[in-house]
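Examining the three-dimensional arrangement
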Amino acid sequence: MTVRIALAIFAGVALAASAAHADPRAQIRGDMDGDLRAQLERAVGQVDGAPANRFEARRRARGAVEAATALLRSEGYYQSTVEDVVEGEQTPVAAVQVTPGPRFLIDAPAVAWVAPEPDGVSAAAAISAMNLSPGSPGRAVEIIAAEGRVVASLSINGYADAAAQPRRVVVDHADRTVQPTYNIVSGPLVLLDGVRVETAGPTNPNWVAGLAPWSEGDRYDPEDVAELERRLLETGVYDGVGVALAPADQSNEDGHRPIIVSLSDRSRRILEAGATYSTAEGAGVDVIYTLFNRLRRADTLRFQARLANIDSRIGADLSLPHWRRPGQTLKLSLAAVNEETDAYDRIALTSSADLQQRIGKTSYFSYGLGLDAGSYTERRFDPVTQAPITLNRDLIIATGRSAAYIDRSDDPLNPTEGWRLTAAIQPTAVAGEDTVLFLRTETQATGYLPLRQGKTILAGRIRIGSIIGGEELTVPSDRLFYSGGGGSVRGYEYQGVGPRLPDNTPRGGLSLFETSIEARQDVGRNFQAVAFLDAGAIGFQETPNFSNMRYGAGLGVRYKLPFGPVRADIAVPLSPREGDAAFQIYISIGQAF
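If you're wondering where the values come from, they're calculated on a predicted model, not measured in any experiment.

1. Considering the packing of aromatic side chains
- Taken as a whole and assessed by the stated rule, the structure comprises six aromatic pairs.
- With a centroid separation of 5.3 Å and 55° between ring planes, the pair formed by tyrosine 78 and phenylalanine 104 is classed as tilted. Pair noted here: tyrosine 78 is in the loop between helix 3 (54-74) and strand 4 (81-87) and phenylalanine 104 is in the loop between strand 5 (93-99) and strand 6 (105-106), with a separation of 26 residues, a long-range link. Taken as a pair, tyrosine 78 and phenylalanine 104 share a single burial class, namely buried.
- A ring pair is formed by phenylalanine 365 and tyrosine 367, whose centres lie 6.4 Å apart and whose planes are at 20°; its orientation type is stacked.
- Lying across the ring of phenylalanine 540, arginine 507 places its NZ or CZ 3.8 Å from the centre.

Okay, structure coming up:
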């Protein structure tokens, strides 16, 4: 290990020394604008050290002449003069004397169609897409790019086999113009057939065909093909997905061509185990057993067992992507839950059914129904006697579940720019030993601002919640708002922010306000240092109460892995009360928000 480190240091020093003594292959001389001079210097390149003699200097100068001439022609300078120059005897210097001359301009670009020609609308669209204006500089890169845009436009309009034959470019030295003529073979218009799955996997081919965003006889559109690939990939059950147009000789009797799909299945079963720990919420161990594609339609069935200080459960959930329509996922869940918190204990059977509709690539909205039945032991506050009371209730809770998630950030686990917005509305009916109707709403917005070329990230979060129509004593304890812990206000234990009962038990509320700000600084390649300030408050009215705000601050470190960062934070309460610990530690995967 020591030898490897020493060699690495030596190599780094040698490379730095080499870079420090790098010289241009030849000096660029002549009257020209700064941009062109910079381009010529890059084209000529650099070498290690000065030439040893005039012969070496001459060789470098001639090589620089070739590079400079090629660059000038590619930029439209067809009447340039470039000469190699060698000066000095003892310390020779290689140079290139450049006279750019006038820059040639584009003149009347044209498209020559090789039969069969495309239809008039598609031909006009392709010529417009060329976007090569007469009078613009005759740069080679623009001339070539214009040809690519013509072919791409034809492909979008159904001519999947469109291709370019050798172009003809006339350079007129008298008029100082460059006139390109593109010879384009559009090929026949391609109309689509259905989908043909060519892999012998478990997936039902008819289900795949139902995901196609086209009907038989529609024009070929590469974006439709890409959308089918996205729909298959987003199910999460395939290691690889291939979607491509079949060759022309595989057309059906009507001349329509199918799309060929190949699927590479991931392992059909996965056993996972994980652990979490924080001084605020204690420890937790998860075991998850996942089965993929058992129903032959990219389904995911997951069994979970969790043993933790606060929230233990055993259950299963089933995800059926593209349920009845593309982009819509049916999620079914059933679990037995045992919660033991400072504010309440709950033993319940929970179930839910949700439909989630994707919007764009990463955003969605969902709606569904949840039904819970359980036994509650709740430690509450009696506003009449001003004394703590314990409620034991058996309740059945029906919840309408609607939510929306808009993601305009650049990474799900380690965002560095953009923003996210989450909103949830839950009309709830409670039956059993108490009857109550209420509406629970919650919104969270986060934003990410890169600074110093992305080396520093400033992140912020605001979360607001409100319960309308219920009272503190009638709303079930698990539906009230609490704050404190690794995902809310760090520095306080779980449920540790907000008013408390006389015996120091957390008191849930009808409203919530939280905010956080973080500064994340890259340290080296894989580490990130974080400083943060969190604040939160719980209120007993429908609108947030800012009179009892609690603040926490701390430092953290992130270790970046390919799938996301590992987070370790230590935080202290800035407004501690009796019973608050001096600090809290949080360890998890992913950023705090």
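2. Brief notes about empty space enclosed by the protein
- Counted according to the given criterion, the structure contains one cavity of 30 Å³ or more.
- The volume enclosed by the largest cavity comes to roughly 40 Å³.
- Lining the largest cavity are Arg461, Gly486, Gly487, Ser488, Arg490, Ser516, Asp534, Ala592 and Phe593.
- Of the residues in the lining of the largest cavity, the class split is two nonpolar, four polar and three charged.

3. Some details on the environment of aspartate 224
- Examined against the element boundaries, aspartate 224 turns out to sit in helix 7 (residues 222-233).
- Here the alpha-carbon distance between aspartate 224 and proline 213, two residues 11 residues apart in the chain, equals 6.0 Å.
- Beyond its immediate chain neighbours, meaning those up to four positions away, aspartate 224 contacts Pro213 and Trp214.

4. Considerations on the packing of helix 2 (residues 34-44) against helix 3
- Between helix 2 and helix 3, whose axes approach to 9 Å, the crossing angle comes to 135°. Of the possible angle classes, the one that applies to helix 2 and helix 3 is oblique. Helix-helix and strand crossings are classified by hand; for helix 2 and helix 3 the assignment is right-handed. On the side of helix 2, the interface is formed by Leu36, Gln39, Leu40, Ala43 and Val44, while helix 3 contributes Ala64, Ala67, Ala68, Leu71 and Leu72.

5. Section: helix 4 (residues 120-130)
- For helix 4, the complete set of buried residues consists of Ser122, Ala123, Ala126 and Met130. With its buried residues spanning 100° around the axis, helix 4 presents them on a single face. Set apart from the buried face of helix 4 by more than 90 degrees, the exposed residues are Gly120, Val121 and Ser128.
- Buried residues belonging to helix 4 abut strand 7 (110-114), helix 5 (140-156) and strand 9 (177-185).
- Structurally, the start of helix 4 carries an N-cap: the backbone nitrogen of valine 121 is 3.2 Å from a side-chain oxygen of aspartate 119.
- The positive-phi residue at the C-terminal boundary of helix 4 is asparagine 131, with phi of around 50°.

What counts and what doesn't
- Residues numbered from 1 in each chain as written.
- Predicted model: local features only at pLDDT ≥ 70, side-chain atom pairs only at ≥ 80, totals over all residues.
- Heavy atoms only, no water.
- Phe/Tyr/Trp six-rings, centres within 6.5 Å; stacked < 30°, edge-to-face > 60°.
- Helix = DSSP H or I, 4+ residues; strand = E, 2+ residues; numbered from the N terminus.
- Buried < 20%, exposed > 50% of the residue type's maximum accessible area, 1.4 Å probe, protein only.
- Lys NZ or Arg CZ within 6 Å of the ring centre and 35° of its normal.
- 1 Å grid on protein atoms, 1.4 Å probe; cavity = no way out; pocket = protein on both sides within 12 Å on 5 of 7 lines; lining within 4 Å.
- Points joined across faces, edges and corners; volume = space filled by probe spheres on them.
- Nonpolar A, V, L, I, M, F, W, Y, C, P; charged D, E, K, R; others polar.
- Contact = heavy atoms within 4.5 Å.
- Axes fitted to C-alpha atoms, helices over the stretch in contact; angles between N-to-C directions.
- Parallel < 35°, antiparallel > 145°, perpendicular 65-115°, else oblique.
- Left-handed = near helix turned anticlockwise from the far one by under 90°.
- Arc of directions from axis to C-beta.
- Polar contact = N/O pair within 3.5 Å; in protein donor to acceptor, adjacent residues only side chain to side chain.

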